Protein chains: 2
Amino acid sequence: MKITDTGNSVKKYIGIDIGGMSVKGMILRGDGTELCKDCIETGCKNGGSAMCDNIVTLINRMIQTIGGYKTDIKGVGIGCPGLIDSKNGFVVFSGNLGLKYFPLQKEISDKIGLPVKITNDAHAAALGEAKFGAGRKYKDSILVTLGTGVGGGIVVDGQLFEGGKSVGTEIGHTVIETDGYPCSCGRKGCFECYASASALMRKTREEMRADTNSAMWEKYTPETVTGLTAFEYSDTDEAAKRVVDWYIKHLAIGVTNIANVFRPEVVMFGGGVSGQKERLTLPVQKLLDEEIFAGTDFAPVKVVTASLGGKAGAYGAAALLM
Amino acid sequence: MKITDTGNSVKKYIGIDIGGMSVKGMILRGDGTELCKDCIETGCKNGGSAMCDNIVTLINRMIQTIGGYKTDIKGVGIGCPGLIDSKNGFVVFSGNLGLKYFPLQKEISDKIGLPVKITNDAHAAALGEAKFGAGRKYKDSILVTLGTGVGGGIVVDGQLFEGGKSVGTEIGHTVIETDGYPCSCGRKGCFECYASASALMRKTREEMRADTNSAMWEKYTPETVTGLTAFEYSDTDEAAKRVVDWYIKHLAIGVTNIANVFRPEVVMFGGGVSGQKERLTLPVQKLLDEEIFAGTDFAPVKVVTASLGGKAGAYGAAALLM
């Protein structure tokens, strides 16, 4: 996709969002105007350097797309899954990409000759939503991604807050139910075990098995349920309604926890389940308003749906250099 | 108490810690040397202005104690219980003091003619421990106070982190047990309901009633138990051991939650229960190390006992101006 570059002196920023299968790239102007976007396969099965070669190919291709001039590009920001040492530019560990202590920042910078900054992909998405998405009117925002897992990114006073050594903000891995469901992280009862799409599907299966008269059986079996199944039937089916109520209750607990600690102006839902929009945000807002510490008068917290979808990561990566 | 002022040009700072019954004051040099300390009754039953008169009396008395010169005092920091708008200098709400939207900063500043900064008392204590106590070797630290309630204060990169509108970091009011014990804040299952001295006493009573052969009955009844009772007997009595194990398990859950979000270098325990020192810190450290996200290699978190005791608040208040 090529959008005519107006050729003005406004600086340009490259945002890269690394996924397990593909790498998404984007060139933005500082005002958030999208100049071009493109993607390439990650290729990490051939090692970190091969992945970097692909990323550099993607970057060069995008630079060609907007006219070939590298001089007005201020730098490259990269969002990467895993434990990222953003200060020193290392991928400390990424199970998805099979990397350990990999100098991602230096590899890309050496190959492309531009300044490079890296961060965790969830942090990048939070920065993207904060600067250009649903959080753009606020200084303090939190993105909670409701996908296979529950991820989080936190922006404080317009700046990404990453926690010590840039590996904090693991809000999905805070226990909300002592001795609850086992989590992939090794703990029991993590927020992620109640608010992820996987948790929603597990609970849907449980309720279907417990109620063989549920209308959900019309189109689904426990093997074919998705994160949408319960929402599809919850207006009319009791079992489906129990799933949705259970999900919203636990989502509100985790969101209120993080609101009591950071007291942001806005909490944004991203990830697959956030497609339910007001069916999540309205009841969670109600529960949060009832339970937030010291009430809503002095420091209210809004609950909204994120707005950039799958582009948030690349937007936020580009914003690392702004 | 008067300590001879060496009269050098090092700036001096006044720290004030407001409690429900008394106000503690201290004059410090920037290097943390204590020049004098004193206290006065809070007197808030006569309103905010009467309380401020007492605080000003205390300040003037301390200035006299160190020789009477106000010129080399850089300012007054105040830690105050309740919801504090530290940016604008207001006590938004303090149930303890009976204050609502009270301009504490301006009242004291007008009366004493020195710059004044205010913050929440738990935040002040955290800053005190971070600058001059158990956290002084670290840039990122968290103080968890285990008293009647569970309070928290967070220091990030040497600076107090207060959350949006300075009313966050309510780590005692994060749910760790869905539908758990009812909390004073209105929620159910808050960390405070499991890790406070009150929770420890409630659990001690429960276990005593459940086991009438417990050795704890030798000296105590459910009506006379304290936060020390279970620790006193836990080496030899099964019921007491169950109380202590229960307490440590939940304390570790809450501490690991906050560690996964902030990833500090150190978590410090303050408040009454922290007097158990290694009997808390060693087992909590073990559980945290087992459960912290992505292990301890890259970003370990130490668990220690705070070191300033009841002086932390005044130290931290003084540090607000450093």
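Chains are numbered independently. Their residues run from 1 in the order of the written sequence. Lettering of chains starts at A and numbering of ligands starts at 1, both following the order in which they are written. Local features in this predicted model are restricted to residues of pLDDT 70 or higher, and side-chain atom pairs are both shown and tallied only at a pLDDT of 80 or more, whereas totals for entire chains, interfaces and linings draw on every residue. The side-chain values count all of the structure's non-hydrogen atoms but skip hydrogen atoms and water molecules.

1. A short note on the overall build of chain A
Logical step 1: In terms of regular secondary structure, chain A is built from nine helices and 13 strands.
Logical step 2: Atoms counted for the radius of gyration: C-alpha only. Globule rule: 2.2 Å times the number of residues to the power 0.38. Relative to the 2.2 N^0.38 estimate, which gives 20 Å for 322 residues, the radius of gyration of chain A is 21 Å and therefore close to what a compact globule would have.
Logical step 3: With respect to the three principal axes, the spread of C-alpha positions in chain A is 65 × 45 × 35 Å.
Logical step 4: Any residue under 20% of the maximum accessible area for its type is buried, any over 50% is exposed, and the rest in between are partly exposed; the area is computed with a 1.4 Å probe on protein chains only. For chain A, the residues scored as buried account for 60% of the 322 residues in total.
Logical step 5: A contact between two residues is defined here by any heavy atoms of the two lying within 4.5 Å. At a minimum sequence separation of 6, the contacts of chain A that also span at least 24 residues come to 60%.
Logical step 6: Within the structure as shown, chain A displays about 12,900 Å² of accessible surface, and the carbon and sulfur contribution to it stands at 51%.
Logical step 7: Two residue types count as positive, namely Lys and Arg, and two as negative, namely Asp and Glu; His and chain ends fall outside the count. Lysine's charge is taken at NZ, arginine's at CZ, aspartate's at CG and glutamate's at CD. Across chain A, the centroid of the 36 positively charged side chains sits 6 Å from that of the 36 negatively charged ones. For the purposes of this entry, the term helix denotes a DSSP run of H or I that reaches at least four residues, the term strand denotes a run of E that reaches at least two, and both are numbered from the N terminus. With residues, only the protein chains shown are counted as cover, and all accessible areas are computed by Shrake-Rupley using a 1.4 Å probe.

2. A word on the relation of the copies chain A and chain B
Logical step 1: The copies were overlaid with a least-squares fit restricted to C-alpha atoms from residues scoring a pLDDT of at least 70 in each copy. Laying chain A over chain B is done by rotating through 180° and shifting 0.0 Å along the axis; what remains is an RMSD of 0.0 Å. What the superposition gives is, in effect, a two-fold axis relating one chain to the other.
Logical step 2: With an isologous cut-off of 70% or more, the 100% of interface residues of chain A that recur at the interface of chain B puts this contact in the isologous class.

3. Remarks on the sheet that holds strand E9 (residues 141–146) of chain A
Residues and elements named next belong to chain A.
Logical step 1: Any two strands with at least two DSSP bridges between them are considered paired. Spatially, five strands are ordered E11-E10-E9-E12-E13 in an open sheet, and the strand pairing comes out mixed. Unpaired on one side and paired on the other, strand E11 (159–161) and strand E13 (302–305) mark the two borders of the sheet. Averaged over neighbouring strand pairs, the angle between their axes works out to 25° when direction is ignored.
Logical step 2: When E9 meets strand E12 (residues 266–270), the two strands line up parallel, connected through five bridges. The angle between two axes is taken between their N-to-C directions and runs from 0 to 180 degrees, where each axis is a line fitted to C-alpha atoms and a helix contributes only its stretch in contact.

4. Some points on the environment of Cys193(A)
Residues and elements named next belong to chain A.
Logical step 1: Here Cys193 is to be found in helix H4 (residues 192–195).
Logical step 2: On the basis of relative accessible area, Cys193 is assigned to the buried category, the value being 6%.
Logical step 3: The spatial distance from the C-alpha of Cys193 to the C-alpha of His173 is 8.8 Å, given a sequence separation of 20 residues.
Logical step 4: With residues near it in sequence (within four places) discarded, Cys193 still touches Tyr181, Pro182, Cys183, Ala199, Arg202 and Trp246.

5. Considerations on the interface of chain A and chain B
Logical step 1: Chain A puts 40 residues into the contact, and the matching count from chain B is 40 residues.
Logical step 2: Defined here as a combined quantity, buried area equals the accessible surface (1.4 Å probe) lost by two parts on assembly, summed across both. Carbon and sulfur atoms make up 60% of the area that chain A and chain B hide from each other, which totals about 3,700 Å².
Logical step 3: Take a side-chain nitrogen of Lys or Arg and a carboxyl oxygen of Asp or Glu: if they are within 4 Å of each other, that pair is a salt bridge. Seen at the junction of chain A and chain B, the total is four salt bridges.
Logical step 4: Across the pair Lys249(A) and Asp179(B) runs a salt bridge whose closest N-O atoms are separated by 2.6 Å.
Logical step 5: Of all the elements in the fold, those that place two or more residues in the side of chain A that touches chain B are strand E5 (83–85) and helix H7 (238–262) of chain A.
Logical step 6: Among the elements that make up the side of chain A that touches chain B, the one with the highest residue count is H7(A) (10 residues).
Logical step 7: Within the side of chain A that touches chain B, the residues separate by chemical class into 19 nonpolar, 11 polar and 10 charged. Side-chain classes are defined by residue name, with Ala, Val, Leu, Ile, Met, Phe, Trp, Tyr, Cys and Pro counting as nonpolar, Asp, Glu, Lys and Arg as charged, and the others, Gly among them, as polar.

6. Some points on the sheet that holds strand E9 (residues 141–146) of chain B
Residues and elements named next belong to chain B.
Logical step 1: Ordered by their spatial adjacency, five strands build an open sheet running E11-E10-E9-E12-E13, and the pairing between neighbours is mixed. In this open sheet, the two strands that pair with only one neighbour each are strand E11 (159–161) and strand E13 (302–305). Strand after strand, the sheet turns through a mean of 25° between neighbouring axes, direction not considered.
Logical step 2: Direction of pairing for strand E12 (residues 266–270) relative to E13: parallel, over a ladder of four bridges. Bridging from a neighbouring strand, Met268 pairs with Val304 of E13.
Logical step 3: Contacts from helix H3 (residues 121–132) reach E9, strand E10 (150–156), E11 and E12 within the one sheet, and its direction differs from that of E10 by about 50°.

7. Quick notes on the pairing of E9(A)
Each regular strand shows side chains that alternate between the opposite faces of the sheet.
Residues and elements named next belong to chain A.
Logical step 1: Summarising burial for E9: five of the six residues are buried, a large majority.
Logical step 2: Strand direction decides the pairing type here: E9 and strand E10 (residues 150–156), joined by six bridges, are antiparallel. Within E10, the residue paired with Ser141 across the bridge is Val155.
Logical step 3: Linking two consecutive strands that pair antiparallel, namely E9 and E10, is a turn of three residues.

8. Description of the packing of aromatic side chains
Logical step 1: Centres within 6.5 Å make a pair out of two Phe, Tyr or Trp rings, where for Trp the six-membered ring is used; the pair is then stacked when the planes are under 30 degrees apart, edge-to-face when over 60, and tilted otherwise. For the structure on display, the rule yields 16 aromatic pairs over all chains.
Logical step 2: Pairing Tyr194(A) with Trp246(A) gives two aromatic rings, centres 5.8 Å apart and planes at 40°, and the pair type is tilted. Taken together, the residues span a long stretch of sequence, with Tyr194(A) in helix H4 and Trp246(A) in helix H7 at a distance of 52 residues.
Logical step 3: Accessibility expressed as a relative area gives 13% for Trp246(A), which makes it buried.
Logical step 4: Members of the aromatic cluster, each reached through a chain of ring pairs, are Phe161(A), Phe262(A), Phe161(B) and Phe262(B).
Logical step 5: Should the NZ of a Lys or the CZ of an Arg lie within 6 Å of a ring centre and within 35 degrees of the ring normal, that charge is described as sitting over the ring. Over the aromatic face of Phe298(B) sits the side chain of Lys165(A), whose NZ or CZ is 4.6 Å from the ring centroid.

9. Focus: the packing of helix H1 (residues 48–65) of chain A against helix H2 (residues 104–112) of chain A
All names here are of chain A.
Logical step 1: Between H1 and H2, the least distance of the axes is 10 Å, while the angle of their chain directions is 45°. Judged on the interaxial angle alone, H2 and H1 are oblique. When the axes of H1 and H2 are compared, the crossing they make is right-handed. Residues Ser49, Met51, Cys52, Asp53, Ile55, Val56, Ile59 and Asn60 of H1 form the contact with H2, whose participating residues are Leu104, Glu107, Ile108, Lys111 and Ile112.
Logical step 2: Of the residues belonging to the contact of H1 with H2, the class tally is eight nonpolar, two polar and three charged. Angles are sorted into four bins: roughly parallel if under 35 degrees, roughly antiparallel if over 145, roughly perpendicular if 65 to 115, and oblique for all others. Crossings are sorted by hand: turned counterclockwise from the far helix by less than a right angle, the near helix makes the crossing left-handed, and turned clockwise it makes it right-handed.

10. Details of the side chain of Arg187(A)
Logical step 1: You can see Arg187(A) is positioned in the loop between E11 and H4.
Logical step 2: Within the local environment of Arg187(A), its side chain forms a polar contact with the backbone oxygen of His173(A), the two atoms lying 3.1 Å apart.
Logical step 3: Within polar-contact distance, the side chain of Arg187(A) engages the side chain of Glu291(B) at 3.0 Å.
Logical step 4: In this view, Arg187(A) contacts His173(A), Thr174(A), Val175(A), Tyr181(A), Pro182(A), Ala252(B), Ile253(B), Thr256(B), Asn257(B), Asn260(B) and Glu291(B); residues no more than four positions away in its chain are not counted. In protein, a polar contact requires one atom able to donate a hydrogen and another able to accept it; more generally it is a pair of N or O atoms within 3.5 Å, and residues adjacent in sequence count only if both atoms are side-chain atoms.

11. Examining helix H1 (residues 48–65) of chain B
Residues and elements named next belong to chain B.
Logical step 1: Across its 18 residues, H1 extends 26 Å between first and last C-alpha, which sits within 8% of the 26 Å expected from 1.5 Å per residue.
Logical step 2: Of the residues making up H1, those classed as buried are Gly48, Met51, Cys52, Asn54, Ile55, Val56, Leu58, Ile59, Met62 and Ile63.
Logical step 3: For H1, the secondary structure elements touched by its buried residues are strand E1 (12–18), strand E2 (22–29), strand E3 (34–41), strand E4 (73–80), strand E7 (99–102) and helix H2 (104–112).
Logical step 4: Just downstream of H1 lies Gly67, where phi reads positive at about 125°. By definition here, a helix of n residues has an expected span of 1.5 Å times n minus one.

12. Section: the environment of Ser234(B)
All names here are of chain B.
Logical step 1: Here Ser234 lies in the loop between helix H6 (229–233) and helix H7 (238–262).
Logical step 2: Accessibility expressed as a relative area gives 9% for Ser234, which makes it buried.
Logical step 3: When the C-alpha atoms of Ser234 and Asp245 are compared, they prove to be 9.1 Å apart, with 11 residues separating the residues in sequence.
Logical step 4: Those residues in contact with Ser234 that sit more than four places away from it in its chain are Ala240, Lys241, Val244 and Arg279.

13. Quick word on the pairing of E10(A)
All names here are of chain A.
Logical step 1: Extensive coverage of E10 is indicated by the burial of six of its seven residues.
Logical step 2: Of the pairings in the sheet, the one linking E10 to E11 comprises three bridges and is antiparallel in character. What sits directly across from Val155, in E11, is Leu160.
Logical step 3: Adjacent in sequence and paired antiparallel, E10 and E11 are bridged by two residues, among which Asp157 carries a positive phi angle near 55°.

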